[in-house]
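# Geometric and topological summary
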Amino acid sequence: MALGIEAGLGDSVLTTKLDEIINWGRQYSLWPMVFGTACCAIEFMSAAASQHDISRFGAEVVRFSPRQADLMLVCGTISYKQAPILKRIYDQMPDPRWVVAMGACASSGGIYDNYCTVQGIDTVIPVDVFISGCPPRPEAVLDALMKIQEKIQTESVLVDRHKDFKGILD
Amino acid sequence: MTDSLTDKLQVLFPEIEPRTVLDCTVIDIDPQAVPQVMERLKTYPDLGFSLLLDITAIDYLTYPQKPAARFCVVYTLRNWERNWLLQVRTPVADPEHGVESVAHLWGSADWAEREVYDQYGIIFRNHPDLRRILNHWQFEGHPLRKDYDIFKGQICYEADSLEKEIRARLASKGIDESTMQDINTEMMFLNLGPSHPATHGAIRIFTALDGETIMANVNEIGYLHRGFEKTAENRTYNQIIPLTDRLNYCSALMNNIGYAKAIESWLGLEITERAMFMRVVLSEFFRVQDHLVCLAANLVDMGGLTNYWYLYNEKEASYDFISRLTGARLTSSFTRIGGMYRDFYEGWEDDMEQQLKAIEKGVNDSLKLVLQNRIVHDRTQGTCVLSPETALSYGYTGPNLRSTGVSFDIRKDNPYYNYESFDFCVPVGSHGDVYDRIMVRFEEIFESIKIIRQAMKMIPEGPVFVDDHRVALPPKDQVYNKIEGLANHFKLIFEGVKVPAGEWYDSYEAANGELGFHFVADGSGGPYKLKVRPPCFYAMGGFHEMIEGEMIADAVINLGSINIIGGELDR
Ligand code: SF4
């Protein structure tokens, strides 16, 4: 039963908090920008294909232009040669944006602890969710997506995200 | 057959003494003799080494039996018609002085020499464009030298501009500022990649355009350089198997097999019959997988999304079989030196047969959309044509080479694992265009399925691991109850399989072409050096030859059609 102002407005109007309605919209229409570099990207392809079907979570509109995306999925190893490009693409994404590091390589360098591999992309850009595995199963990608959705729920339009992040390239 | 090569070499170069290592002939020459000898090897009709497979170097700084010169450059050549494999070695004492480039003889030498320069700092004199290829331009030092610390990473702050290179390329085609003024136009420079949906990974295709026509193209790779070779030098032989998974990750198991086969050849280890058949079945199954992904992605690039579902869904379904067998979907790590990690599970034949049927159906459905489709024909026939000469010169192998009409396939020409007893054809193209590359892959899927069916009928029962405790772990009851068993197990795990000192090259027909491994062993449990001969690397090296003069949209589908896999390209 509606109380207060809602009682007066009838069925046609819903009142809610601004944060709540915006977050609701953001949660279920994440547009991923897939930064696929290596083997993990193949597992992302599986997550997008029919069997696991990422569109069940509202995130099937895969954009390859960072300017149209708000979720960056880093699938694969990032080398030092690649790092400036990763950062540039991240910088091109409009706020608010979320980042998932998919797989051991993106999260920590994985099995490649050597002269050319960045030891975790969180040294370059801020990361919201890490997925373990080499490669992670497609289910894990979906799980990460849900984690991002949960995270979005707790955010506020009034607060800027990751303002004071400083990586190796800043 | 190798004998006749030895004779021929002795007649032509009386001062050189050829040796034979496995099925490869090796000659040592002076650095000054490189231009002359290499030219003869390529141009003398008696020799006719049309394929320069690979160039690598060895740094003997910490090698137990140190030769006089610190470095040695090794060229691997092949005459595919006569099944001759030749390695030419030349010592390099002073890397700054280096050796003469052979890039004017073989197109593949261009990138191969750049890689050696990048990794070892050896100069190739008169190379057209000697600069780094795998490491970034701000990198200092040469990582594969033995005195370079494996953990010493170097940050790159900015991508390379490549403008100088593309202008040089334009000039080499006779297009300079004055021509542009004459035709009253300006070139437009366009980047495809390094992060672009068409590149399926991280490659940078930099083009100079006149309208939509590509006038010149230079490519930059190395974005996925993960230090495979340096890491391998710090692992034991069996520990490297998971690393090989990640070379061509669309057909991980094939890399496992090629790698294990290379070491077993050197050890002179005959794996069991059943293991051989398992390897054939799995090789062919993964060849199918690889082609499925390649075709699915290629047809999506053309706008045929439905094909993606038909083809990729079958791959997805195959993962059920693969993960039941290996425990992993993508990165299988299923071989060991001396055999297979374990046997097939009970009832695998039915699963496999079902899988094959499903794949046949998916592929036939997709073919129905493609074969009579005018749009596909118009887009692919006659586009990005590769001539057999260019393909050979750039070191193309596998389906890409076969699409030009060259029927080289190691499974037929130098068979291993009883391939000679299987009944299968090697599909070849006639034009070397995108259409041929697509169709050769479609046909190979059917041929591979044929081989799998035959192998499934013939596969004998028996162990899948050799009974040789130099390489195989002892049974668990011996490990737990006997000190010898325990010590044996401990040594194999901690020190690795002991491989006698020496150097050798071994090749294998992977989904993308000739996958070779060049080893230098020092007698310990891990390689002193391990170089991969990646088929993709050379396919990409000749990419500009195919797309210059074509439209920009054709470059996209052409890239899909040669199946570049980043892990193998950049290692
Ligand atoms: S985490 Fe594993 S599967 Fe993923 S990119 Fe790295 S090596 Fe490949």
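What you are looking at is a predicted structure, and each value in this text was computed from that prediction instead of being measured. (Residues numbered from 1 in each chain as written. Chains lettered and ligands numbered in written order. Predicted model: local features only at pLDDT ≥ 70, side-chain atom pairs only at ≥ 80, totals over all residues. Heavy atoms only, no water.)

### Considering the overall build of chain B
- Scanning chain B from terminus to terminus reveals 22 helices and 15 strands.
- At 24 Å, chain B has a C-alpha radius of gyration in line with the 25 Å of a compact globule built from 571 residues.
- Projecting the C-alpha coordinates of chain B onto the three principal axes gives extents of approximately 85 × 60 × 50 Å.
- A buried classification covers 63% of the 571 residues belonging to chain B. (Helix = DSSP H or I, 4+ residues; strand = E, 2+ residues; numbered from the N terminus. Rg over C-alpha atoms; globule rule 2.2 N^0.38 Å. Buried < 20%, exposed > 50% of the residue type's maximum accessible area, 1.4 Å probe, protein only.)

### A look at the site of the ligand
- With respect to spatial proximity, 14 residues lie near the ligand, and among them C39, C40, C105 and C134 of chain A together with R246 of chain B are the closest.
- The greatest single-element share of the shell around the ligand, amounting to three residues, is contributed by helix α5 (residues 103-108) of chain A. (Near = heavy atom within 4 Å.)

### Examining the packing of aromatic side chains
- Under the definition given, this model contains 28 aromatic pairs over all chains.
- Taking the centre distance of 6.0 Å and the plane angle of 80° together, the rings of Y115 of chain A and Y148 of chain B count as edge-to-face. With one member in each of two chains, Y115 of chain A in the loop between α5 and β4 (129-131) and Y148 of chain B in the loop between β7 (124-125) and α4 (163-172) form a pair that bridges those chains.
- A relative accessible area of 1% means that Y115 of chain A is categorised as buried.
- Judged by centre distance (6.4 Å) and plane angle (85°), the rings of F285 of chain B and F286 of chain B are edge-to-face. Residue F285 of chain B shares its accessibility class with F286 of chain B, and that shared class is buried. (Phe/Tyr/Trp six-rings, centres within 6.5 Å; stacked < 30°, edge-to-face > 60°.)

### Re the interface of chain B and chain A
- Across the contact, 48 residues belong to chain B and 37 residues belong to chain A.
- Summed over both partners, the interface of chain B with chain A buries about 3700 Å², with 63% contributed by carbon and sulfur atoms.
- Here chain B and chain A share two salt bridges between them.
- Ionic pairing is found between E43 of chain A and R329 of chain B, a salt bridge with its closest N-O pair at 2.6 Å. (Contact = heavy atoms within 4.5 Å. Buried area = accessible area lost by both parts, 1.4 Å probe. Salt bridge = Lys/Arg side-chain N within 4 Å of Asp/Glu carboxyl O.)

### Notes on the sheet that holds strand β13 (residues 502-510) of chain B
Residue and element names in this part refer to chain B.
- Spatially, three strands are ordered β13-β14-β15 in an open sheet, and the strand pairing comes out antiparallel. One side of each edge strand has no neighbouring strand; the edge strands of this open sheet are β13 and β15 (527-533). When the angles between neighbouring strand axes are averaged without regard to direction, this sheet yields 15°.
- Strand direction decides the pairing type here: β13 and strand β14 (residues 513-521), joined by nine bridges, are antiparallel. Among the inter-strand pairings, G502 is bridged to a residue of β14, identified as A521.
- Here helix α8 (residues 252-267) sits on the sheet and contacts β13, β14 and β15; the angle it forms with β13, its principal contact strand, is near 145°. (Pairing = 2+ DSSP bridges. Axes fitted to C-alpha atoms, helices over the stretch in contact; angles between N-to-C directions.)

### Remarks on the sheet that holds strand β2 (residues 71-75) of chain A
All names here are of chain A.
- Taken in spatial order, the four strands of this open sheet run β1-β2-β3-β4, and their pairing is parallel. Edge positions in the sheet fall to β1 (32-36) and β4, since each of these pairs with one other strand and no more. Neighbour-to-neighbour, the strand axes of this sheet turn through a mean angle of 15°, independent of strand direction.
- Sheet analysis places β1 next to β2, joined by five bridges and oriented parallel. By the bridge assignment for β2, M33 is matched with M72.

### Regarding the pairing of β14 of chain B
Residue and element names in this part refer to chain B.
- For β14, the tally of buried residues reaches nine of nine residues, placing the bulk of the element in the interior.
- In sequence, β13 turns back onto β14 through a hairpin of two residues.
- Across six bridges, the pairing between β14 and β15 is antiparallel. Looking at the pairing, F519 lines up with L530 of β15.
- Hairpin connection, β14 to β15: the antiparallel pair is bridged by five residues, and G523 has positive phi, about 95°.

### Remarks on the domain arrangement of chain B
Residue and element names in this part refer to chain B.
- Annotation of chain B at the domain level lists domain 1 (2-125) and domain 2 (228-570).
- Look at where the C-alpha atoms of domain 1 and domain 2 centre, and you get two points 27 Å apart.
- Taken together, the contact pairs 34 residues of domain 1 with 35 residues of domain 2.
- Both sides together, the interface formed by domain 1 and domain 2 hides about 2900 Å², and carbon and sulfur atoms give 57% of it. (Domains from an automatic or database assignment.)

### Here's the deal with the environment of F321 of chain B
- Along the chain, the position of F321 of chain B falls in helix α10 (residues 305-326).
- Note: C-alpha distance between F321 of chain B and W348 of chain B (27 residues apart in sequence) is 8.1 Å.

### A few points about unusual backbone geometry
- Residue P96 of chain A is bonded to the preceding D95 of chain A through a cis peptide linkage, with omega at -10°.
- The omega torsion across C134 of chain A and P135 of chain A is -5°, close enough to zero to call that bond cis.
- Positive phi, normally seen in glycine, also occurs at N126 of chain B, with a value near 65°.
- As for its placement among the helices and strands, N126 of chain B is situated in the loop between β7 and α4.
- Given the relative accessible area of 66%, N126 of chain B is considered exposed.
- Phi angles above zero are rare outside glycine, and N563 of chain B is one such case at about 55°.
- As for its position among the elements, N563 of chain B is in the loop between α21 (552-562) and α22 (566-570).

### What to know about the state of the cysteines
- Evaluated as defined, the whole model comprises zero disulfides over all chains.
- Of the cysteine sulfurs around C384 of chain B, a residue in no disulfide, the closest is that of C294 of chain B, at 14 Å. (Disulfide = S-S within 2.5 Å.)

### Focus: a nonpolar patch on the surface
- Where nonpolar side chains cluster on the molecular surface, the patch consists of L18, I21, W24, Y28, V157, L158 and V159 of chain A and spans about 770 Å² of accessible area.
- Positionally, W24 of chain A belongs in helix α2 (residues 18-27). (Patch = residues over 30% accessible without salt bridge, like charges linked within 9 Å, V, L, I, M, F, W, Y side chains within 5 Å. Areas by Shrake-Rupley, 256 points an atom, 1.4 Å probe, with all protein chains shown as cover.)

### Side note on the environment of D147 of chain B
Residue and element names in this part refer to chain B.
- In this structure, D147 sits in the loop between β7 and α4.
- Its relative accessible area of 51% is what places D147 among the exposed residues.
- C-alpha separation for the pair D147 and F124, spaced 23 residues apart in sequence, amounts to 21 Å.
- Sequence-distant contacts of D147, that is, excluding residues within four places in its chain, are made with L61 and R70.
- A polar contact of 3.5 Å, which involves the side chain of D147, links it to the side chain of R70. (Polar contact = N/O pair within 3.5 Å; in protein donor to acceptor, adjacent residues only side chain to side chain.)

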